Amino acid sequence: MAEKITGAEALMRALEHEGVETLFGYPGGAIMPTYDALYDHKKTLNHVLVRHEQGAVHAAQGYARVSGKVGCAIVTSGPGATNTITGVADAMMDSTPMVVICGQVGVAMLGTDAFQEVDVVGVTQPISKWSYQIRRPEDVAWAVSRAFYIAKSGRPGPVVLDFAKNAQTGMVEYEPANVNYIRSYDPYPKLKSDDIKAAAKLINDSVKPFALIGQGVELGNACEEVREFLEKAQIPFGSTFLGLSAIPSDHPLNMGILGMHGNLGPNVMTNQCDLLIAIGMRFDDRVTGNLATYAKQAKIIHFDIDAAEFNKNVKVDVAVHGDCKESIPEVTYLVDEVKRDSWIAGFKPYAEKEYSKVIDKAIHPKSGPLLMGEVVNKVTEATNNEAILVTDVGQNQLFACRYFKFSKPRSVVTSGGIGTMGFGLPAAIGATFGAPDRTVCVFCGDGGLQMTIQELGTIMEQGAPVKIILLNNNFLGNVRQWQEMFFSHRYSFTPMDNPDYELIAKGYRIPSKTVIHRKDLDAGIQEMFSTPGPFLLQCAIKEEDNVFPMTPPGANVDEMLLG
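I will try to describe carefully the structure that is included in this document. Note that the coordinates shown come from a computational prediction; the quantities given were computed from them, not determined experimentally. Every chain begins its residue count from 1, and numbering advances along the sequence as written. In view of the model being predicted, local features appear only for residues whose pLDDT reaches at least 70, and side-chain atom pairs are presented and counted only at 80 or more, with totals across whole chains, interfaces and linings using the full set of residues. By convention in this description, side-chain values take in all heavy atoms of the structure and omit both hydrogens and water.

## Considerations on helix α16 (residues 348–363)
Here α16 contains 16 residues, and its C-alpha end-to-end distance of 19 Å is more than 12% below the 22 Å for a straight helix at 1.5 Å per residue. A residue's bend is the angle separating two fitted axes: one through the seven residues that end there, the other through the seven that start there. Runs of H or I in DSSP of at least four residues are treated as helices and runs of E of at least two as strands, each being numbered from the N terminus. The largest bend in α16 comes to about 50°, at Y355. Throughout, a residue-residue contact means that at least one pair of heavy atoms, one from each residue, lies within 4.5 Å. For α16, the secondary structure elements touched by its buried residues are α12 (264–270), α17 (372–382) and α18 (395–403). Each helix should span, by expectation, one fewer than its residue count multiplied by 1.5 Å.

## What to know about the packing of helix α1 (residues 7–17) against helix α7 (residues 140–152)
Axis definition: a line fitted to C-alpha atoms, limited for helices to the stretch in contact. Angles are taken between N-to-C directions and run from 0 to 180 degrees. Packing of α1 against α7 leaves a shortest axis separation of 9 Å and a crossing angle of 35°. Both α1 and α7 take part in a crossing whose hand is right-handed. Within the contact between the two elements, α1 uses G7, A10, L11, A14 and L15 and α7 uses V140, A141, V144 and F148. All residues other than Ala, Val, Leu, Ile, Met, Phe, Trp, Tyr, Cys, Pro, Asp, Glu, Lys and Arg, Gly among them, are scored as polar; the first ten of these are nonpolar and the last four charged. In the contact of α1 with α7, the residues fall into eight nonpolar, one polar and no charged. We call a crossing left-handed when the near helix sits turned anticlockwise from the far one by less than a right angle, and right-handed when that turn is clockwise.

## Some details on the sheet that holds strand β14 (residues 318–321)
Taken in spatial order, the six strands make up an open sheet running β11-β10-β9-β12-β13-β14, and their pairing is parallel. Each edge of the open sheet carries a strand with a single partner, namely β11 (254–257) and β14. In this sheet, neighbouring strand axes are inclined to one another by 20° on average, regardless of whether the strands run parallel or antiparallel. Examined bridge by bridge, strand β10 (residues 237–239) and β11 share two bridges and lie parallel to one another. Paired with F237 across the two strands is N254, which belongs to β11. The sheet strands contacting helix α14 (residues 324–334) are β12 (275–279), β13 (299–304) and β14, and the helix crosses β13 at an angle near 140°. Here, any two strands with at least 2 DSSP bridges between them count as paired.

## Comments concerning the packing of aromatic side chains
Stacked, edge-to-face and tilted labels apply to pairs of Phe, Tyr and Trp rings (six-membered ring for Trp) whose centres lie within 6.5 Å, assigned for plane angles under 30 degrees, over 60, and everything in between, in that order. On inspection of all chains with the given rule, the structure shows 14 aromatic pairs. The interplanar angle of 65° and the centroid separation of 6.1 Å between the aromatic rings of F24 and Y63 together place this pair among those described as edge-to-face. Taken together, the positions of F24 in strand β2 (residues 22–25) and Y63 in helix α3 (residues 53–67) put the pair 39 residues apart, joining distant regions of the chain. Each residue is assigned to one of three classes by its accessible area relative to the maximum for its type, calculated with a 1.4 Å probe on protein chains only: buried under 20%, partly exposed between the two thresholds, exposed over 50%. On the accessibility criterion, F24 (0% relative accessible area) is buried. Taking 5.9 Å as the distance between ring centres and 80° as the angle between the ring planes, the aromatic pair formed by F24 and F433 counts as edge-to-face. In this pair, F24 is assigned in strand β2 and F433 in helix α19 (residues 424–434), connecting sequence segments 409 residues apart. Taken together, F24, Y63 and F433 form an aromatic cluster joined through their ring pairs. Whether a charge lies above a ring is judged from NZ of Lys or CZ of Arg, which has to be within 6 Å of the ring centre and within 35 degrees of the ring normal. The ring of W130 carries the charged tip of R146 above its face, separated from the ring centre by 4.7 Å. The ring of F475 carries the charged tip of R480 above its face, separated from the ring centre by 5.8 Å.

Structure follows, in C-alpha cells:
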C-alpha cells in the first residue's frame, strides 16, 4: 500500500517529477497548505519570493525564455490569481511555456462569493492553452503532468491550475503520472511530403527569395537547421523582435529587423522579393503594415507548428504544418545549392542609406544629450555581444532591440504580442535563474520601471546579478513620440516627474550610478560590469529622442520614415 500524503505534498513531488528546480511565487491564505509542504522541499525546489504576483509570472517567463524549460509560478487565490492575468496573456501571445498554480477556496465554498474567491478558470480559459481546477487530491499528479505536457509541447504556452484548498489538505496515495498523449491534441503533426516538395520547388524556382525568422525557430530548437537551410540556398533573412537571437547578428545573410521599427532593407525588399518564406512567425500587424499591399508580388511559404496561423493574416501559397526542426531539414535536402550574389547585394544600398541617415547619428552622436542608441551600443560592445538582452516596453525596447547584438540563441527576452510595461525587471530576475552563467542586461524606461519597481526587493534578497540600464528621458517616450508625430506635439500626460532612482536603489542596497554627460558613459558601463551582483545604471537621455526608421500606422511596410 502506497504512503498517504496530502495533496499539497503530492504537488511538490509532482513538480520534482517534472524536473522543476525554481519556483517564483507569493504566499497567501488559500495556498498556505502548499507553502507549508514547500517548507520541507527547500533543497530541491528553489522558491524565489517576489514582491508582487505579476512579478512572479514575468519572472517565470524570463526563466522559460532563456532556459528552454517550463517556467513555474505559484500564488494564492483572489487578487493573487488575478494579478497573474497580464503575465498569462503575455505568455500566450508570445508562446512561452509556463505553469501557474493558484490557490482556491475549498470546493464546498465555490460559488458562495467566499473570501478571495474568483472564477480563475473562467477568467484564464481564453488566454491560456489549458486552465483546470484541481478539486481532489487524487487528481494532483495527473493534472500537473498534463499541465507541463501541454505547456511545453507543440506551440508552447501558459497553463493555469486552480488548486482548491480541500484538494491541498486531503490525503492521497501518490503515484507519479506521465501524460504524453491527449486525445484530440496533436502537438506534433506529421509532415506531408507534398508540402515539402511544393515548398522546395518554389524555392528552387525563385530568383529573389527572402526569409522571415520568428521566435518559433528558437522554440523549436531549430536554429542550426534554419541556418544550414539559409546558407545552402543563399537566402537573405530578416527577424522579428522575438526571433532576433536565433541566428547571430553578424551573419552575412542577416539583413536586420522586420516591421514598424525594423531596418529599411528588409521592409523594402519584402515588397520586392519574388518569394517570401516565413518560419515560426505569425505575420503580426507590426511586421506587415498595410495587409492590402503586403508582399503582393511574391509567392509565400509558411512553416509553422500551429495550423491556426496559416492564412490568418496573409494568404499563403504553401503551408508546411509541422515542427520546423523536422520540416526545415526535409526542405534543405531538396533545395538547390545556388548563389544569389546580386539579389543579396540589393540590400546593401538600403543598409548604407539607413546607416548614414539614422544609425550613425543614433550611436555616434557628436554633441548634445545622451541618446538611447549610443547607450545600447556601448553596453552590447562591453559584453562582446554575448549577453542576454531583456527589455521593458516602449522606446527602451525598440532602441535596445535595434542596437543590441546577439551571438547566441535564447538571448532576447521582450514582451512582443501584448507589449507589457513592467515586464522587464521581473523577467530579468527570472533570466538570471534560467541562465546563471550568462550576463543579463535589462533596459527600462522611467515609466515601465516604476510599474514593477518593487521587484528591486527580490533582486536585493536574491542577490540576482541583474544589470539594470535605466534610459531616463522623463517621459513615457513611445507615446510621446506618437504624440509628436501624429498628435501635433500635444503631450497629453506623458511628461513624468520622476523620483531619485539612485536613492531608491540605495534603499534596496543595490549599487548605482547616474551618467549625465557622454564623457562619463564608458566609465559608468565599466563600473556596472565590474561590480559583482546587481547594478543600476541611470542614463539621462535626450527628452525628444525618437526611434527611426518607422512605418507609420496603416502605411505600407516599405513606406518608412527615416526621421
